[in-house]
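Spelled out from the first residue to the last, the chains are:
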Amino acid sequence: MIDKNGKLFGKINIIDLLIILVIVAAIAFVGKRFFAGNDNDYGTPERVRLTFYADEAPALLSGKAEAGEPVMDYDNSTSLGTLSSYESEDAYTYTYDATAGEAVKVPVPNVCFLTFSCETEGYVAADGLRINGFQYCIGGSHTICVGRARVNCRLANFEVIG
């Protein structure tokens, strides 16, 4: 396969082949970086309100955030603006009570239901919302940092607020 002169199949020098492969990889990287689609393909950015919901947030988060705190997507380090609302309530579930013959509301210890909203700029399109090149769709799971707290939640809604 490689002869004594360092040529592959007797025709191509291995070092020349490696140099060609590095150049092709660099051209592909630069082409993707500068010519791939970006947020500007979606038009102009709009002011949006994102609402997140967590049904199994640690009870320690209850009441721990205030309006104006920074909100960030932990997974991709994208700023999602500032917190505009934050509500929590004690978590509960329903279980069947055989003696009463009906479903009974039972508290879940150390867990709270958490709903919070933040305001930022993004590009609304038919396939969802794009912020800094990342797509956000209703129902999508995210790890969000609100102030100093981090919570696993779902995007419940987003709306253009003008």
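Residues numbered from 1 in each chain as written. Predicted model: local features only at pLDDT ≥ 70, side-chain atom pairs only at ≥ 80, totals over all residues. Heavy atoms only, no water.

### So, the confidence of the model for the protein
The test is simple: Note: pLDDT gives the predictor's confidence per residue, expressed from 0 to 100. Runs of E in the DSSP output that reach at least two residues are strands. Runs of H or I that reach at least four are helices, and both are numbered from the N terminus.
When the pLDDT values of the protein are averaged, the result is 85; 86% of them are 70 or greater. Across the protein, the secondary-structure element scoring lowest on mean pLDDT is strand 1 (residues 7-8), at 59, and the one scoring highest is strand 4 (residues 70-73), at 94.

### A word on the pattern of salt bridges
As a working rule, side chains carrying opposite charge can pair if their charged atoms are close by. Spelled out, the test is: For salt bridges, the criterion is a side-chain nitrogen of Lys or Arg within 4 Å of an Asp or Glu carboxyl oxygen. Three labels apply to residues, based on accessible area from a 1.4 Å probe with only protein chains included: buried if under 20% of the type maximum, exposed if over 50%, partly exposed otherwise in between.
Taken as a whole, this structure holds 3 salt bridges when the rule is applied. Among the salt bridges present, the one from E119 reaches R49, with a minimum N-O distance of 3.2 Å. Taken as a pair, E119 in strand 6 (residues 102-125) and R49 in strand 3 (residues 46-58) lie far apart in primary sequence, 70 residues in all. Among the residues examined, R49 registers a relative accessible area of 25% and is labelled partly exposed. In this structure, D127 engages R130 in a salt bridge whose closest nitrogen and oxygen atoms are separated by 3.3 Å.

### Looking at the nonpolar core
Rule in force here: The nonpolar core is taken to be a set of buried Ala, Val, Leu, Ile, Met, Phe, Trp, Tyr and Cys residues, with the residues joined through side-chain atoms within 4.5 Å. We call two residues in contact whenever any of their non-hydrogen atoms come within 4.5 Å of each other.
Counting residues in each nonpolar core, the largest one holds 25 residues, and the members touching the most others are L50, F52, L80, L114, F116, I144 and V151. Elements with a contribution of two residues or more to this core: strand 3, strand 5 (78-97), strand 6, strand 7 (128-131), strand 9 (141-146) and strand 10 (149-160). Dropping the residues within four chain positions of it, I144 is found in contact with F52, V71, M72, D73, Y74, L80, F116, A149, R150, V151 and C153.

### Considerations on the packing of aromatic side chains
The line we're drawing: The aromatic pairing rule takes the rings of Phe, Tyr and Trp, using the six-membered ring of Trp, and pairs them if the centres are within 6.5 Å, calling planes under 30 degrees apart stacked, those over 60 edge-to-face and the rest tilted. Either the NZ atom of lysine or the CZ atom of arginine qualifies as a charge over a ring when it sits within 6 Å of the ring centre and within 35 degrees of the ring normal.
This structure, assessed with the given rule, holds 4 aromatic pairs. Here the aromatic rings of Y53 and F113 are separated by 6.5 Å at their centres, their planes lie at 35°, and the arrangement is tilted. Of this pair, Y53 sits in strand 3 while F113 sits in strand 6, and the two are 60 residues apart along the sequence. Considering the side-chain rings of Y92 and Y94, the 5.8 Å spacing of their centres and the 85° angle between planes classify their relative orientation as edge-to-face. The partly exposed category is assigned to Y92, whose relative accessible area is 28%. Among the aromatic residues, those joined into a ring-pair cluster are Y53, Y92, Y94 and F113. One Lys or Arg, K105, reaches over the ring of Y92 and ends 4.1 Å from the middle of that ring. The ring of Y74 carries the charged tip of R150 above its face, separated from the ring centre by 4.1 Å.

### Re the pairing of strand 7
Put simply, the test is: DSSP calls a pair of strands paired once it identifies at least 2 bridges connecting them.
The sheet contact formed by strand 6 and strand 7 spans 3 bridges and is antiparallel. Following the sheet pairing, A125 is matched in strand 7 by G128. Taking the residues between adjacent antiparallel strands as the criterion, strand 6 and strand 7 are bridged by 2 residues. Bridging between strand 7 and strand 8 (residues 134-136) involves 3 bridges; their strand directions are antiparallel. Counted as the bridge partner of R130 is Q135 from strand 8. The turn linking strand 7 back onto strand 8 is made up of 2 residues, and N132 within it adopts a positive phi angle of 55°.

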